[in-house]
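Single-letter residue listing:
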Amino acid sequence: MRMGQLVGLNIRNSSMQDRNIINGTSAVIFAPLADFYQTLWPFILVAIILIVADLRFGIEAAKKRGETIRTSRMWRRTINKLVDYICWITLAGAFGATFGDVLNIPILSAIIILIIYGIELSSCFNNYFEARGWKFRINVFKLFGQKKLEDAVEQINEKERDDGDDK
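Residues numbered from 1 in each chain as written. Predicted model: local features only at pLDDT ≥ 70, side-chain atom pairs only at ≥ 80, totals over all residues. Heavy atoms only, no water.

Participant: Can you help me understand a positive patch on the surface in this one?
Facilitator: Taken together, Arg-70, Arg-73, Arg-76 and Arg-77 make up a surface patch of like positive charges. As for its placement among the helices and strands, Arg-76 is situated in helix α3 (residues 71–103). Residue class for Arg-76 comes out partly exposed when judged on its relative accessible area of 43%. (Patch = residues over 30% accessible without salt bridge, like charges linked within 9 Å, V, L, I, M, F, W, Y side chains within 5 Å. Areas by Shrake-Rupley, 256 points an atom, 1.4 Å probe, with all protein chains shown as cover. Salt bridge = Lys/Arg side-chain N within 4 Å of Asp/Glu carboxyl O. Lys, Arg positive; Asp, Glu negative; His and termini not counted. Charge placed at Lys NZ, Arg CZ, Asp CG, Glu CD. Helix = DSSP H or I, 4+ residues; strand = E, 2+ residues; numbered from the N terminus. Buried < 20%, exposed > 50% of the residue type's maximum accessible area, 1.4 Å probe, protein only.)

Structure below.
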């Protein structure tokens, strides 16, 4: 064997060893993450569905108000909302793993998930109602503990509509 062939062989072996080290390290790092998120993906999927519904109804409500729809702002806010909800769902999963499994208190993670879904559902309903020209809002959280749906519905006037947080 010539010297050039030996050097080439060492480079190939070194490259293969580097790849094996990188692959092994990646598996060690990402396997627990994949295991952690495996139980959370249905909640992330529901969040994505709610975000897309809110985006659709938000666009309709903005058109009804006569606002111009800027696509860059629309996508930025939608992606920010998705990242926020993934963070909240991750926090709920961490609380569930910490307190739910160890202390047998699964209610904490369920409360966090219900709060973020409640916020998004309220936003979806309110954008839907505004797009249809209906002058009321629904507070999803008032549905808990109420006997009638009417107790969760709030009439709004023009000043409250102008102070909305979806602008």
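Moving on from the coordinates now.
Participant: Please clarify how the nonpolar core should be interpreted in this entry.
Facilitator: In globular proteins that are soluble, nonpolar side chains generally tend to be buried together. Core analysis: the largest hydrophobic core is formed by 12 residues, namely Leu-40, Ile-44, Ala-47, Leu-50, Ile-51, Tyr-85, Ile-89, Ala-92, Ile-112, Ile-113, Ile-116 and Tyr-117. Those elements that provide at least two residues to this core are α2 (41–65), α3 and α4 (107–131). (Core = buried A, V, L, I, M, F, W, Y, C linked by side-chain atoms within 4.5 Å.)

Participant: Please explain α3 as it appears in this structure.
Facilitator: Along an α-helix, residues three or four positions apart point the same way, because every turn accommodates 3.6 residues. Here α3 spans 46 Å end to end across 33 residues, near enough to the 48 Å set by a 1.5 Å rise per residue. Of all the bends in α3, the greatest, near 30°, is centred on Gly-96. Listed as buried for α3 are Met-74, Thr-78, Tyr-85, Ile-89, Ala-92, Gly-93, Gly-96 and Gly-100. Looking one or two places after α3, you find Asn-104, whose phi comes out positive at around 60°. (Expected span 1.5 Å × (residues − 1). Bend = angle between axes of the 7 residues up to and from the residue.)

Participant: Looking at this model, I keep getting lost on the pattern of salt bridges. Mind explaining?
Facilitator: Side-chain pairing between opposite charges can occur once the charged atoms of the two side chains come close. Scanning all chains against the criterion turns up six salt bridges. One salt bridge in this structure joins Asp-54 and Lys-81, with 2.4 Å as the shortest N-O distance. On the criterion of sequence distance, the pair formed by Asp-54 in helix α2 and Lys-81 in helix α3 is long-range, its members being 27 residues apart. Residue classification places Asp-54 among the buried residues on the basis of a relative accessible area of 6%.

Participant: Is there a simple way to think about the confidence of the model for the protein in this case?
Facilitator: The predicted coordinates ought not to be read in detail in places where the model reports low pLDDT. On average, residues of the protein score 80 in pLDDT, and 80% of them are at 70 or above. Averaged pLDDT values for the elements of the protein fall to 52 in helix α5 (residues 158–162) and rise to 92 in α2. A low-confidence stretch, residues 3–11 (pLDDT under 50), is modelled with one contact involving residues beyond four sequence positions or located in other chains. (pLDDT = per-residue confidence, 0-100. Contact = heavy atoms within 4.5 Å.)

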